[in-house]
Amino acid sequence: MSHNHCVDTIIFKLLRRLGNGLLFSLMCACSVVYATDADDYAEQRATLIAEITDDVRSTAHYLGRRELNQRVLTALAKVPRHEFVPRAERYRAYRNRPLPIGHGQTISQPYIVAIMTDLINPMPEHRVLEVGTGSGYQAAVLAELVNQVYSIEIIEPLGRAADKRLQALGYDNVTTRIGDGYYGWSEHGPFDAIIVTAAASHVPPPLIAQLKPGGHMIIPVGSRFLTQQLVLITKNEDGTLLTRQLLPVRFVPLTGKHD
Ligand code: SAM
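Because the structure is predicted, anything quoted here is derived from the model rather than measured.

Q: Before we move on, can you summarise the site of the ligand with the specific residues and values?
A: Taken together, 27 residues surround the ligand, and among them S135, E153, D180, G181 and T255 come closest. G132 places a polar main-chain atom, nitrogen or oxygen, 2.9 Å from a nitrogen atom of the ligand. At 2.5 Å, a side-chain N or O of E153 approaches an oxygen atom of the ligand. Here the ligand loses 99% of its free accessible area of 600 Å² to cover by the protein chains. When residues of the shell around the ligand are traced back to their parent elements, those giving at least two are β2 (105-107), β3 (127-131), α7 (137-143) and β4 (148-153). In terms of residues, the shell around the ligand owes the most to one element, β2, which gives three residues. Grouping the amino acids of the shell around the ligand by side-chain chemistry returns 11 nonpolar, 13 polar and three charged.

Q: Describe the confidence of the model for the protein chain, and please don't skip the residues or the numbers.
A: Per-residue confidence for the protein chain averages 88 on the pLDDT scale, and 85% of its residues sit at or above 70. This stretch, residues 1-34, has a pLDDT under 50; its non-local contacts, to residues over four places away or in other chains, come to 33 contacts.

Q: How would you summarise the nonpolar core if you had to cite specific residues and measurements?
A: Note that soluble globular proteins tend to have their nonpolar side chains buried in a common cluster. L76, I115 and I218 are the most contacted members of the largest nonpolar core, which totals 51 residues. In terms of residue count, the dominant contributor to this core is helix α6 (residues 110-119) (seven residues). One finds L129, W185, I194 and I233 within the second-largest nonpolar core, a separate group that totals 20 residues.

Q: Now, about empty space enclosed by the protein: what can you tell me, with residues and values included?
A: Evaluated as defined, the whole model comprises one cavity of 30 Å³ or more. One number sums up the size of the largest cavity: a volume of about 30 Å³. Taken together, R45, L48, L76, R81, Y94 and Y137 form the lining of the largest cavity. Considering only residue class, the lining of the largest cavity consists of four nonpolar, no polar and two charged.

Q: Quick one: what's the story with the sheet that holds strand β9 (residues 241-249), residue by residue and with numbers?
A: Backbone-to-backbone hydrogen bonds pair the strands of a sheet. The strands run either parallel or antiparallel. Here we have seven strands laid out as an open sheet, ordered β5-β4-β3-β6-β7-β8-β9, and mixed in their pairing. The outermost strands of the open sheet, each flanked by one partner alone, are β5 (174-178) and β9. The sheet shows a mean angle of 15° between the axes of neighbouring strands, taken without regard to direction. Here helix α8 (residues 156-168) sits on the sheet and contacts β4 and β5; the angle it forms with β5, its principal contact strand, is near 165°.

Q: Summarise the packing of aromatic side chains; cite the residues concerned and give the values.
A: The final tally for this structure, using the stated rule, is five aromatic pairs. Between the aromatic rings of Y41 and Y94, the centroid separation amounts to 5.7 Å while the plane-to-plane angle is 50°, which identifies the pairing as tilted. Separated by 53 residues along the polypeptide, Y41 in helix α3 (residues 38-58) and Y94 in the loop between α5 (70-78) and β1 (99-102) bring together distant segments of the chain. When its relative accessible area of 6% is taken as the criterion, Y94 is described as buried. Judged by centre distance (5.1 Å) and plane angle (70°), the ring pair of Y182 and Y183 falls under edge-to-face. Accessibility expressed as a relative area gives 45% for Y183, which makes it partly exposed. Put simply, the rings of Y150, W185 and F191 touch in pairs and so form one group of aromatic residues. Between the NZ or CZ atom of R81 and the centre of the ring of Y137, over which it lies, the distance is 5.7 Å. Above the plane of the ring of W185 lies R177, whose end atom (NZ or CZ) is 5.0 Å from the centre.

What counts as what
Throughout, residues of each chain are indexed from 1 in the direction in which the sequence is written. Given that the model is predicted, a residue must reach a pLDDT of at least 70 before its local features are reported, and side-chain atom pairs must reach 80 or more before they are shown or counted; all residues, however, enter totals for whole chains, interfaces and linings. Only heavy atoms go into the side-chain values, all of them from the structure, while hydrogens and water stay out. Summary of the distance rule: residues count as near a molecule or strand when at least one heavy atom falls within 4 Å of that molecule or strand. Polar contact is the term for a pair of N or O atoms within 3.5 Å; when the atoms are in protein, one must be able to donate a hydrogen and the other to accept it, and sequence-neighboring residues count only if both atoms are side-chain atoms. Note on areas: Shrake-Rupley with a 1.4 Å probe; residue coverage comes only from the protein chains shown. Secondary structure elements are defined from DSSP: runs of H or I of at least 4 residues count as helices, runs of E of at least 2 residues count as strands, and each element is numbered from the N terminus. Each residue receives one of three labels: charged for Asp, Glu, Lys and Arg, nonpolar for Ala, Val, Leu, Ile, Met, Phe, Trp, Tyr, Cys and Pro, and polar for the others, Gly being one of them. Every residue gets a pLDDT, meaning the predictor's confidence in that residue, from 0 to 100. Only heavy atoms enter the contact rule, under which two residues are in contact if any of them lie within 4.5 Å. Residues belong to a common nonpolar core when they are buried Ala, Val, Leu, Ile, Met, Phe, Trp, Tyr or Cys residues joined through side-chain atoms within 4.5 Å. Type-normalised accessible area, obtained with a 1.4 Å probe on protein chains alone, sets the label of each residue: buried when under 20%, exposed when over 50%, and partly exposed for intermediate values. Lining residues are defined by having an atom within 4 Å of a point belonging to a cavity or pocket. Those points lie on a 1 Å grid over the protein atoms alone, cavities being sets where a 1.4 Å probe fits but cannot get out and pockets being open sets with protein on both sides within 12 Å along at least five of seven lines. Grid points are joined across faces, edges and corners, and a volume is the space filled by probe spheres set on the points. Only strands that DSSP links by at least two bridges are regarded as paired with each other. Angles here are taken between N-to-C directions and fall from 0 to 180 degrees, while the axes themselves are lines fitted to C-alpha atoms, restricted in helices to the stretch in contact. Pairs were defined over the aromatic rings of Phe, Tyr and Trp, the Trp ring being its six-membered one, requiring ring centres within 6.5 Å. Orientation was assigned from the angle between planes: stacked under 30 degrees, edge-to-face over 60, tilted for the rest. Remark: a charge is flagged as sitting over a ring if the NZ atom of Lys or the CZ atom of Arg is within 6 Å of the ring centre and within 35 degrees of the ring normal.

The following block contains the structure:
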């Protein structure tokens, strides 16, 4: 089971069955369901959270939990995902699926953002490192939950745009930089938790070094061409590591010159 690609929408299935005349009127009708104000988006977010909650229940045997922390759900209910996708993608910002954000990259599927956030056990006093800023959405979700977020993006225009977006939305507890996140951000470490949102061939040793004892790191590990395993690493108080493979996922690759 891979969680990157989601089912086709019911609307598209209907459209395929209909003739051209009907198709036009249905498309017009569809446009009225697109959100035009904040309340519409809040309603769409609530529906999305209900879907995520169902997905978590049906994948409980992989995750080792049947429910997400209420704080995580509240954060997801608050962050305006439509602000993090290109304008042309807004109409489907609250579908439970990844979406293109340009430069061949994606904003991750909301279910994946939800479980990755939950699994690192974010606490209000935490300092968290994210590798792969992308649109800035995951960083914003984290910023609702922890004291300080540091996020690194390797593609400069994406990182700059995400930083601008996060500042405009008032997420002043997120600090971003352009660079290769494989090496972490030692000036601000060690971190209570680390989230890697691109697929690595192996767990980067510099990230392990920058994880606090007692901290969690979540990272997709495996081939850049096939599916990967979402891996949860916990650093014990004595520095030893506990590693759990959770579920198959598909992420864009962690790039850079480190391999
Ligand atoms: N977290 C993002 C969000 O909420 O929109 C989605 C991340 S996207 C799936 C993966 C991101 O990782 C891409 O923007 C990609 O450019 C970035 N990336 C890939 N390799 C990287 C590296 N070595 N260091 C930092 N970022 C990297």
